[in-house]
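# Survey of secondary and tertiary structure
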Amino acid sequence: MKKSKSMNKIKTIIKFILTSLFIIQLSCCTQKSVEPQWPSVTTESKPWTRWWWMGNAVDEQGITAQLEAFSKAGLGGVEITPIYGVKGYEDQFLDYLSPKWLKMLGYTLKEAKRLGLKVDMVMGTGWPYGGSQVKPEYAASKLQIQTYPLTIGQTFNKTIEIDDKKQRGLASLVKIIYVNKDGKSTDLTSALENSNSPLTPQEKTIVKNKIVYTPTEDGTLYAIFCGKTRQQVKRAAPGGKGYTLDHFSKTAFDDYAEPFTDALAPFQNKLHGIFNDSYEVYGADFSPEFLNEFKQRRGYDLMDYINILNEKPDTETYHRLLCDYRETLSDMLLNNFAQNWHSWANDNSFETRYQAHGSPGNLIDLWASADIPECEVFGSPEFDIPGYRHITENCRKGDYDKMYLKFCSSAAHLQGKEIVSSESFTWLREHFKTALSHCKPVTDNFFLCGINHMFLHGATYSPADEKWPGWKFYASVNFNPNNTIWKDASALFAYIGRCQAILQKAQTDNDILLYYPIYDAYTTTHPDKLLFQLSLHSIDEYLYPTSFYKTARELDKEGFSFDFLSDQFLTKCEYKNNGIIINDKATYKTIIVPEMHHMPLESMKKLIALKEAGAQIIFMDAPKTVPGLNNYKEKENELQKMISSNENLFFKPKDIKTELNNHNIFGEKAYRYGLKIIRKKLNGDIIYFAANHTASTIDKFIPFNVKAKSVLLMNPMNSTSGLAQIKPNGKTTLIRIQLEPGESIFIRTSTKGINTKLWHYLKEEKTTPIKENWQLTFKDGGPALPHDTVISTLQSWTNLGKSYEAFSGTGVYKTSLTFNKQDNSFYKLDLGDVRESARVYVNGQFITTLFAQPYKTDITAALKNGKNELEIEVTNLAANRVRNLEQSKTYEWKKFYEINMVDINYKKFDAAAWEATPSGLLNNVNIISYKEN
C-alpha cells in the first residue's frame, strides 16, 4: 500500500515536470518583461463618484468625514452636484455660487488635495444647464408659427401677437412672411411698425408688431416667433432655479459663463473639471440666431420654404428641408455650445467631461468635443451568470446597447484620448437592493465597450447626526457609509482600479472604421417633428431599424473590432504606412460604408481619394443621393458620376465577413467560445480584457489573432498572474482560458519571453461539505443586533425570527473543522449563495473579500492539515432595515423636496410592502480540492 502511494506520488511529480517543460517551451520564456505586470493604480484610474449636495447644506466637518471615507474606500475623486434640499434644514441651505457656497468649495478642494482626491463640479445645479442668471432672451427656445389667410384685395390690418398666452412677454416676433398660392414667399418684416429692417439678432426686438398689407392675390401670412420652452432647471438646488439655457446660442452661453469665470477664478489649477450631464433640453428647436446661421451654413433662406416647413408634407422637398434644419441645430449645438464650453473651461484650467447622449446632433462629434466623453447605462442589463439575480420587481428594463456606448468610446479613440467615462449603475436596482455583485458584470460590459473610467451614480452627502438611512438622492445606488454595501465596496473599487489602470494606459487596436450615416437619421426619423434627439431611451426608433446597426451587430458577432466614423472625422483620415490614420495613437485597416440613402458629396470625394491612395474602402452599397435641399440635383448628378466612374467600388459583398477576410482582416474567434473580449495595445504588446458572462465554465484553448511567444494571464480580482499555456497556430495563438461564469481576466500577449511563474490551471477532484455547526453573531448594523445563535443548516438569517428579519449589517459565521490536506493539491472555499458580500478568514488569516459570482477563493496556503478555524463575515443589503423602518413608522426619513423618493418605476416609494430580502449564507459551504491540469 505504501509502495503504491509512493509510485503515484512519483508519477504525479514527473507529470508536473513534463507539463511545466511543455509550457515553458511553448512560452519561450527567455527574456524578462520590460515593465511591471500591474501598472500603478492612480487617482485617475480609481473609480470616482457623483456627490450630491442636497440643498448645499454642507459643513466642513461633514465634508471632511465623507471625503475621508471616500479616500479610504479607494475612490479617486468626486463630482459635486448641488441638488434640491431636505425639509427641516432650510436654515442651512447655501445658495449656489454664493460666498458661503464658494467657501465650502474651497474647503472641499483643500481637503481633497490632502487626501489625494480630485474634484469636478457641475456648471449649474441639477440639470440641464440653466438657472437664475439665465435671462428670458437666453432661455431655451422653440419655433412657433402662426398663419393668417389673406384674400386678394382685402387689407390686412392687425397687430401680430403670440396666441399662446403663456408665451406673452417671452416670445419675440422674428419674421413676417407672405406666401402666395404658388408658394412664392415675400419677406414683409420691414412693413412692421417700429421695426428695424432687416431684423437681426443684434437689433432690438420688435416693439409694436402692427402690419398693414393688401395682397394682390390670395395667400397666407406667416408670423415666425422665437418662443421659449419655459423649461426650468430640473432638480435645482437653492440659488439654481431658473430657465434652461439656450444651448444653440454662443451669445447665451457666453453670458451664462460670466459669473462662473469670476466665481471660479480662485480655484484655477485646483478644481479638476467641469461636468455637463445628459442633454435633456426638451422641445428646444430654435434660437434667435437660427435663421442667420441656417442661411450661412446651408446656403439658402429657410423663409423661402416656410409654408413647407409649417405644413410638413410627405415630399422630397420637405424631407430635405428637415435634414438641413436638423443639421443646423447639430452644428449650432457643437460650435456654439459644446466647443465653446470646452474652450471656456480649458482657458480657465478645467477639464471637461461631457454626456452628449440625448442631443439633437451627431453624437460622435459632440462627444469628441470634450476632454472626457461620458456615457451611461440606465436600468438593469441581464446576464446568464448563475446567481446573478434579475428579479422583476427589483429591476427596470435596461437601456443598454453596446453599439450605443461605442459612439462614446469611438469619439475618444478618434481623438486619441485616453479616458472614456461612464455614469455607472443608474437605477441598476430598486433602492437599497443593489448589491456589489450586480455592479461587477455591468462594469465589465463598460470595459468591453471601450469605457475605462467608472463614475459611480453615486453618493449623497448626509450629516453624521442624521438618523439612518440619512439623506438619499432618488435615483442612485448611494455609495456612502450609510449603505450596508459600503462595508465591502472597497473590494469592488479595487477591482475597478486595477482594470482601469491597464485600460487607461492601453490604446485602441480596432481594425475597422464603420461610417455612420447621420443624414439618413436627419431625413427620415420622426418627420413630423423638427427636433430629433438621439436619446439613450429611444434607440429602437433611430438606430435599430438601420443597416448601419445591422452591420455593426454583424461585425461584433463575428469578432471584428471597430470604431464608428463621422463625416467630420472622415475629413481628417489619411492613408499612411498601409493604414488609415486619424491621430498618432490609432491606425485602422479599412473603412466600411453601410447601406444608406444619403451621403454628402464631400464625404464621397474623401472616400474615393483614400481609395486611390491605397486605403481599403468597403461599400455595402452605393448611396442613392446627397442630403439637403440646396443645389441637390447638381450635387446628386456629380455623386452619380463619381459612382459610375468607380464601379469597382460599389458592389454588394456577399457577406461582410468574407469581404473582410479577402482583405486579410479577421474577426476574433473568442466570441464563438462564449468569451466577451476587447483588444488593446500596450507598450508594443497586444492585450485583451475578457469576461465570461455565460452560464458555463470556459476551459479551452481559444484562438487569438496574434502571434505570441508568451502570454501572461492577469486576474484583476485578486492581482494574481502567471504564464498561460499556449500553442502557436499560424497567424494566431491558441491560449488556454479557464474562467468560471462571472470571472474576467487580462490576457497580455508578447513577442518576447516573460520570466515569471506559470498560471495554475486546475481540475476539480473532490468536494467536501462543511457539516459542522456554525456560530452566528452580529455586528455593524441595525436597527438592533440580533441575539447570537448556532446554526446546523445554513439558510437565510431572516428565517430565524423578527429581529433577524429586520436586521441589515454584518453577520459573522464561525466554525471549526478537521481537514485532511493533501500534498500537491489546491483548495478553494466555495461559499455558494451569498447575500451579499463576504470577508473570509482561515485560521485567523484574512484571505479575501468576495462580492460577486463565483463566491470562491483559494485557501491553500492558510488551510492546515488537522483542525482549522473558519470565519466568514457576511454583509447583507440595507433593504430589510428600511422595510422594518417603514413598517414600524418609527420616524420619517423621506423628507426631501422636489421628487422626494420614488421607486424604480417612478411611483411612490413604499418599502413596507416588500418581502424580506434573503440574507447571509444560504446553502452549504464547501471545500473543493483541485489538481493542476
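Residues numbered from 1 in each chain as written. Predicted model: local features only at pLDDT ≥ 70, side-chain atom pairs only at ≥ 80, totals over all residues. Heavy atoms only, no water.

### Structural notes on the pattern of salt bridges
The criterion, for reference: Whenever a carboxyl oxygen of Asp or Glu lies within 4 Å of a side-chain nitrogen of Lys or Arg, that contact is scored as a salt bridge. In this description a helix means any DSSP run of H or I spanning at least four residues, a strand means any run of E spanning at least two, and both kinds are numbered starting from the N terminus. A 1.4 Å probe rolled over the protein chains alone gives each residue an accessible area, and that area as a share of the maximum for its type sets the label: buried under 20%, exposed over 50%, partly exposed in between.
Going through the model one piece at a time under the given rule, you end up with 51 salt bridges. For the salt bridge of Lys 250 with Asp 254, the shortest nitrogen-to-oxygen distance reads 2.8 Å. Remark: Asp 254 and Lys 250 occur in helix α4 (residues 250-263); sequence separation between them is four residues, near one turn of the helix. Given the relative accessible area of 30%, Asp 254 is considered partly exposed. Lys 894 serves as the salt-bridge partner of Glu 886, at 2.8 Å between the closest nitrogen and oxygen. Take Glu 886: its relative accessible area is 10%, and that puts it in the buried class. Look at Lys 894 and you get buried, because its relative accessible area is 17%. In the salt-bridge network here, residues are joined through shared partners; they are Arg 50, Glu 79, Asp 120, Asp 277, Arg 353, Glu 374 and Glu 423.

### Structural notes on the packing of helix α2 (residues 60-73) against helix α3 (residues 99-115)
Formally: Helix axes use the C-alpha atoms of the stretch in contact, all axes being lines fitted to C-alpha atoms, and the angles between their N-to-C directions lie in the range 0 to 180 degrees. To sort the angles, those under 35 degrees are grouped as roughly parallel, those over 145 as roughly antiparallel, those from 65 to 115 as roughly perpendicular, and the leftovers as oblique. For any helix crossing, the convention is left-handed if the near helix is rotated counterclockwise from the far helix by under a right angle, and right-handed if that rotation is clockwise. In this description, contact between two residues means that some pair of their heavy atoms is separated by no more than 4.5 Å. Charged residues are taken to be Asp, Glu, Lys and Arg, nonpolar residues to be Ala, Val, Leu, Ile, Met, Phe, Trp, Tyr, Cys and Pro, and polar residues to be all remaining types, Gly included.
Put simply, α2 and α3 touch, their axes get as near as 10 Å, and they point 30° apart. One finds that α2 runs roughly parallel with respect to α3. Every pair of crossing elements has a handedness; the one defined by α2 and α3 is right-handed. Between α2 and α3, the residues in contact are Glu 60, Ile 63, Thr 64, Leu 67, Glu 68 and Ser 71 and Lys 103, Met 104, Tyr 107, Thr 108, Glu 111, Ala 112, Arg 114 and Leu 115, respectively. The class makeup of the residues in the contact of α2 with α3 is six nonpolar, three polar and five charged.

### Comments concerning helix α9 (residues 402-415)
Rules: The span one expects for a helix is its residue count, reduced by one, times 1.5 Å. The term bend refers to the angle at a residue between two fitted axes, each drawn through seven residues, those ending there and those starting there.
A rise of 1.5 Å per residue sets the reference length of α9, with its 14 residues, at 20 Å; its end C-alpha atoms lie 20 Å apart and thus fit the reference within 8%. The largest bend in α9 comes to about 30°, at Cys 408. The buried count for α9 comes to 13 of 14 residues, which makes it a mostly enclosed element. Phi turns positive one or two residues past the end of α9, at Gly 416, with a value near 75°.

### Some details on the packing of α4 against helix α7 (residues 316-347)
Two numbers describe how α4 lies on α7: the axes approach to 10 Å, and their chain directions differ by 25°. Relative to α7, α4 is oriented roughly parallel. The two elements α4 and α7 cross, and the hand of that crossing is right-handed. Only Asn 336, Phe 337, Asn 340, Trp 341 and Trp 344 of α7 make contact with α4, whose side of the interface consists of Lys 250, Phe 253, Asp 254, Ala 257, Phe 260 and Thr 261. Class assignment for the residues of the contact of α4 with α7 results in six nonpolar, three polar and two charged.

### Here's the deal with the side chain of Lys 828
Note the following rule: The charged-residue count follows a simple rule in which Lys and Arg add positive charge and Asp and Glu add negative charge, with His and chain termini not counted at all.
By the secondary structure assignment, Lys 828 is in strand β37 (residues 826-830). Among buried Asp, Glu, Lys and Arg side chains, Lys 828 stands out as unpaired, with Glu 740 the closest opposite charge at 4.3 Å. Setting aside residues no more than four positions away along its own chain, Lys 828 makes contact with Glu 740, Leu 762, Thr 857, Asp 858, Ile 859, Asn 926, Ile 927, Ile 928 and Tyr 930.

### Things to note about the pairing of strand β36 (residues 808-819)
Quick reminder of the rule: Think of it this way: DSSP has to see at least two bridges between two strands before they count as a pair.
In terms of burial, β36 is a largely internal element, nine of the twelve residues being buried. With ten bridges joining them, β36 and strand β42 (residues 866-875) adopt antiparallel strand pairing. Its bridge partner lying in β42, Val 812 is registered against Glu 873.

### Concerning the sheet that holds strand β39 (residues 837-842)
Taken together, the six strands give an open sheet; going across it, the order is β35-β34-β36-β42-β39-β40, and neighbouring strands pair in antiparallel fashion. The open sheet has two free edges, formed respectively by β35 (789-791) and β40 (845-850), since each of these has just one partner strand. For this sheet, the mean angle separating the axes of adjacent strands, direction not counted, is 25°. Relative to β35, strand β34 (residues 774-782) is paired through three bridges, and the arrangement is antiparallel. Bridge pairing in β35 places Trp 774 opposite Ile 791. Contacting β34, β36, β39, β40 and β42, helix α11 (residues 486-503) runs over the sheet at an angle of about 85° to β39.

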